[in-house]
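Structure at a glance
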Amino acid sequence: MLNLPAYALEAISTLEAAGFEAYVVGGCVRDMLMGKEISDIDITTNALPEETKKVFCLKKTIDTGIKHGTVTVLIDRMPVEITTYRIDKGYSDGRHPDSVAFTRSLKEDLARRDFTVNAIAYNPKTGIVDPFEGEYDIKNMIIRCVGQAEKRFGEDALRILRGLRFSSVLGFTLEAETMSATINCRQLLKNVSAERIYSELSKMLCGKDIRRVLLTYAEVFEEILPELKGMNGFNQRNYHHCFDVLAHTAAVVSSIEPVPHLRFAALFHDCGKPDCFSVDSDGVGHFYKHARKSTDKAEAALTRLKSDNFTKNRVVQLVKLHDTPIEPKENVIKKKLGKYGEELFFELIKLQRADNMGMSPDFRYRQETYGQIEAIAREILSSKQCFSLKDLAVNGNDLKTLGISGKDIGLALKKLLSAVIDGKAENTKEALILYYHTNVKSI
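An account of the accompanying structure is given in this report. (Residues numbered from 1 in each chain as written. Predicted model: local features only at pLDDT ≥ 70, side-chain atom pairs only at ≥ 80, totals over all residues. Heavy atoms only, no water.)

**Description of the pattern of salt bridges**
A complete count under the given rule lists 32 salt bridges for this structure. Beyond isolated ion pairs, a larger network of salt bridges with shared partners links Arg 86, Asp 88, Asp 109, Arg 112 and Arg 113. (Salt bridge = Lys/Arg side-chain N within 4 Å of Asp/Glu carboxyl O.)

In structure tokens, the structure reads:
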């Protein structure tokens, strides 16, 4: 018996008391069978929408999608979506059914769903209802379309990415027909809106199995992200690398923590390499200025996908800086902290760590160097050392009293900051004014 929250049990029992069937269905059942915590509960019933509203006349109801059979009922302040069993007819726009017919058959309702693992219903009295063997596929970690895979993807091509997202997040593999249709139907993704693609991609990239999915379905990713074309199989011809560009990228993506903007940065950080390839006289490959090319491609991709501004801006920053050398020296790190800010600095180190994990094993000793950099940076922060103008013991008003004006104030402050960072002057007002008179004023 699966443990349902009280509000879901109340919804089911209320419908049953009125003479109707009711089941929890879809992803929440899948997650319960996998022992995962559930957040959203979806209920399906043979009650028509108006009948559902009548049953819950003492509760607040919202006509969420009433023409498609969905009514939201507030139970114990929790919104519960209750949808009438239905049959979807025709998908001429490749997303929405042309018409919806309500049915009294639970099996007919389950037959319209995307994957078998999402086509399972549960009722505390009846138990599991699983006409398409979704529970078997859960146990065997398989993603399988309900019915013909190409038909399912033709109805809504986003299901192609949903299947890959489930594969990445759950660690499941696609069964043969579903896998073949995923690749063969990839061009249908051109009919899917940028917002929907971005939403699925963000979740997919954060999956535990994204490395395998990226490499297995490279053609699908190239369909939605043409910026990745040319990476698969591209030999880097460089002793730092034991992988081609895409395999290296997949390793980097899986090595950085599963936060969307970090994973997007890892995905795009080397996408400009194929366009910047050159070979020296010794036959060694180089990718001069690839960070700039990758930055341009990342920005173009995220603009097209209508990413939120924070993600786009942060990814662009990280890709642009990803191969910036940082030495484990206090003055160097202070300057970087001052220039990038604390948050961007540590995220850059995370990306560089992940980048290093995608290189040849002989060069992974750099992980120790990144550890030293992080330790020095955290000591600088914890001891509140000066590394930015706001930490400086003098400000623009102090310099005005010395007769400095205009742009000279900013230039003087930067020189004084550099003096403090390099250990040439103490960060006190007296010491900095003295340093200005003896070292800066004459320059």
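That shown, we press on.
**Side note on the sheet that holds strand E2 (residues 42-45)**
The 7 strands lie next to each other as E3-E4-E5-E2-E1-E8-E9, forming an open sheet whose pairing is mixed. On the outer flanks of this sheet lie strand E3 (61-65) and strand E9 (127-129), each paired with one strand and no other. If you compare each strand with its neighbour and ignore which way they point, the axes differ by 35 degrees on average. Pairing of E2 with strand E5 (residues 78-84) involves 4 bridges; the strand directions are parallel. Bridged to Asp 42 within E5 is Glu 81. (Pairing = 2+ DSSP bridges. Helix = DSSP H or I, 4+ residues; strand = E, 2+ residues; numbered from the N terminus. Axes fitted to C-alpha atoms, helices over the stretch in contact; angles between N-to-C directions.)

**Considerations on the packing of aromatic side chains**
Counted according to the given criterion, the structure contains 8 aromatic pairs. On the numbers, 5.6 Å between centres and 10 degrees between planes, the contact of Tyr 198 with Phe 264 is stacked. Within this pair, whereas Tyr 198 is found in helix H9 (residues 194-205), its partner Phe 264 is found in helix H13 (residues 260-268), the two being separated by 66 residues in sequence. Across the pair, exposure class does not vary: Tyr 198 and Phe 264 are buried alike. With centroids separated by 5.3 Å and ring planes inclined at 40 degrees, the aromatic side chains of Phe 277 and Phe 287 adopt a geometry described as tilted. Taken as a pair, Phe 277 in the loop between H13 and strand E12 (278-279) and Phe 287 in the loop between strand E13 (285-286) and helix H14 (290-304) lie far apart in primary sequence, 10 residues in all. (Phe/Tyr/Trp six-rings, centres within 6.5 Å; stacked < 30°, edge-to-face > 60°. Buried < 20%, exposed > 50% of the residue type's maximum accessible area, 1.4 Å probe, protein only.)

**Section: the pairing of strand E4 (residues 70-75)**
E4 sits mainly inside the fold: 5 of its 6 residues count as buried. In this structure, E3 lies alongside E4, joined through 3 bridges in antiparallel fashion. Across the sheet, residue Gly 65 finds its bridge partner in E4, namely Thr 70. Where E3 folds back onto E4 in an antiparallel hairpin, the turn is made up of 4 residues, including Gly 69, whose phi is positive at roughly 95 degrees. Relative to E5, E4 runs antiparallel, the two being bridged by 6 bridges. What sits directly across from Thr 72, in E5, is Glu 81.

**Examining the nonpolar core**
Among the nonpolar cores identified, the biggest contains 101 residues, and Val 24, Ile 43, Phe 221, Phe 268 and Phe 345 are the most heavily contacted of them. Setting aside residues no more than four positions away along its own chain, Ile 43 makes contact with Ala 8, Ala 11, Ile 12, Leu 15, Ala 22, Tyr 23, Val 24, Val 80, Glu 81, Ile 82 and Thr 83. Leu 399, Leu 413, Leu 417 and Val 420 belong to the second-largest nonpolar core, a separate cluster that totals 18 residues. (Core = buried A, V, L, I, M, F, W, Y, C linked by side-chain atoms within 4.5 Å. Contact = heavy atoms within 4.5 Å.)

**Here's the deal with the layout of surface pockets**
The calculated volume of the second largest pocket comes to roughly 660 Å³. Around the second largest pocket, the lining comprises 26 residues; the ones closest to its centre are His 240, Asp 323, Asp 355, Met 359 and Arg 366. Elements represented by at least two residues in the lining of the second largest pocket include exactly E13, helix H17 (342-357) and helix H18 (366-382). If you tally residues by element for the lining of the second largest pocket, the top one is H18, at 4 residues. Residue composition of the lining of the second largest pocket, grouped by class: 9 nonpolar, 12 polar and 5 charged. (1 Å grid on protein atoms, 1.4 Å probe; cavity = no way out; pocket = protein on both sides within 12 Å on 5 of 7 lines; lining within 4 Å. Points joined across faces, edges and corners; volume = space filled by probe spheres on them. Nonpolar A, V, L, I, M, F, W, Y, C, P; charged D, E, K, R; others polar.)

No statement about biological role is implied by the geometric values presented.
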